[in-house]
Amino acid sequence: QKEVEQDPGPLSVPEGAIVSLNCTYSNSAFQYFMWYRQYSRKGPELLMYTYSSGNKEDGRFTAQVDKSSKYISLFIRDSQPSDSATYLCADYSSNTGKLIFGQGTTLQVKP
Amino acid sequence: DGGITQSPKYLFRKEGQNVTLSCEQNLNHDAMYWYRQDPGQGLRLIYYSQIVNDFQKGDIAEGYSVSREKKESFPLTVTSAQKNPTAFYLCASSMRVRGRSNQPQHFGDGTRLSIL
């Protein structure tokens, strides 16, 4: 079992839809959670960073962490074609000092 | 503008050849990392360095080598011992706050390596 699991998709939605991207993790030592966006042929770009259970909002993006069920989500409101990218969740373990990435979910927002 | 610069953008390797990928950052970050990205597998850690003149193996270090002689630079050499080098290579850096390495990592735009 991978330490961080993501459904690779692809996920296709119409413009303006609410998008829900999800990750599960198995290691209770994970304390910090990040979401990255990666456009084709580019490096990942940090979107959200959180360390506590609950919601964190930044513009159209909301990150949600549920440590009791080891589940993290990224919600995108009013999705735009420019949101079409691969979204990577990443979890930091204080035990190893390493960032563990999910395999990424590819999102396509159709105009 | 502060950031991470990786070069070249595309690189081709012949059989038996070593190649070196460059990574330079002007963010004044202490920690630097090298990842390999393959389709459907996410990012896997090759090597990382928390401080100048020190580095540690990641999860897939075999066939790779690094050096960290300057804070700004962390070059990766893909040696001939790496039998499947075709991949997208990403360099990242992060701050270290009071000895904790949980700060977000910031990435360069990668080097795509292919076999001739």
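Relevant structure appears above.
Note that the coordinates shown come from a computational prediction; the quantities given were computed from them, not determined experimentally.

1. As for the nonpolar core
Residues and elements named next belong to chain A. Counting residues in each nonpolar core, the largest one holds 24 residues, and the members touching the most others are Trp-35, Ile-72, Leu-74 and Tyr-87. For this core, the elements supplying multiple residues, two or more each, are strand 3 (19–25), strand 4 (30–38), strand 5 (45–50), strand 7 (61–66), strand 8 (71–76), strand 9 (85–93) and strand 11 (105–110). Ranked by residues supplied to this core, first place goes to strand 3 with 4 residues. Beyond its immediate stretch of four places on either side in the chain, Tyr-87 contacts Gln-6, Leu-21, Trp-35, Tyr-36, Arg-37, Leu-47, Leu-74, Ile-76, Gly-104, Thr-105 and Leu-107.

2. Looking at empty space enclosed by the protein
This structure, assessed with the given rule, holds 1 cavity of 30 Å³ or more. Every residue along the wall of the largest cavity is listed here: Arg-41 of chain A together with Lys-9, Tyr-10, Phe-88, Asp-109, Gly-110 and Arg-112 of chain B. Considered class by class, the residues forming the lining of the largest cavity number 2 nonpolar, 1 polar and 4 charged.

3. Focus: the pairing of strand 9 of chain A
Residues and elements named next belong to chain A. Strand 9 sits mainly inside the fold: 8 of its 9 residues count as buried. With 8 bridges connecting them, strand 4 and strand 9 associate as antiparallel partners. Across the sheet, Gln-38 pairs through a bridge with Thr-86, a residue of strand 9. With 3 bridges joining them, strand 9 and strand 11 adopt antiparallel strand pairing. Note that in strand 11 the partner of Ala-85 across the bridge is Leu-107. The hairpin turn running from strand 9 into strand 10 (residues 98–101), its antiparallel successor, is 4 residues long, and Gly-97 in that turn takes a positive phi close to 70°.

4. Quick look at the state of the cysteines
Residue and element names in this part refer to chain A. Inspection of every chain in the model, using the stated rule, returns 2 disulfides over all chains. Covalently, Cys-23 is tied to Cys-89 through a disulfide, its sulfur atoms 1.6 Å apart. Judged by the sign of its S-S torsion, about -65°, the bond between Cys-23 and Cys-89 is left-handed. Here Cys-23, found in strand 3, pairs with Cys-89, found in strand 9; they are 66 residues apart in sequence, far enough to count as distant. Cys-89 carries the same exposure label as Cys-23, and that label is buried.

What counts and how
- All residue numbers refer to position in the chain's written sequence, counted from 1.
- Going through the entries in the order they are written, you letter the chains from A and number the ligands from 1.
- pLDDT decides what is reported in this predicted model: residues at 70 or higher carry local features, side-chain atom pairs at 80 or more are listed and counted, and totals for whole chains, interfaces and linings draw on all residues regardless.
- Excluding hydrogens and water, the side-chain figures rest on all heavy atoms present in the structure.
- What we call a nonpolar core is a set of buried Ala, Val, Leu, Ile, Met, Phe, Trp, Tyr and Cys residues that are connected through their side-chain atoms within 4.5 Å.
- Note on classification: 1.4 Å probe, protein chains only; a residue is buried when its accessible area is under 20% of the maximum for its type, exposed when over 50%, partly exposed between these limits.
- By the criteria applied, helices consist of DSSP H or I runs no shorter than four residues and strands consist of E runs no shorter than two, each listed in order from the N terminus.
- Pairs of residues are marked as contacts when any of their non-hydrogen atoms sit within 4.5 Å.
- In the cavity and pocket records, a cavity denotes points on a 1 Å grid over the protein atoms alone where a 1.4 Å probe fits but cannot get out, a pocket denotes an open set with protein on both sides within 12 Å along at least 5 of 7 lines, and lining residues are residues with an atom within 4 Å of a point.
- Grid points are joined across faces, edges and corners, and a volume is the space filled by probe spheres set on the points.
- Amino acids are sorted into nonpolar (Ala, Val, Leu, Ile, Met, Phe, Trp, Tyr, Cys and Pro), charged (Asp, Glu, Lys and Arg) and polar (every other residue, Gly among them).
- Between any two strands, pairing holds if DSSP finds at least two bridges.
- Only a pair of cysteine sulfur atoms within 2.5 Å counts as a disulfide in this structure description.

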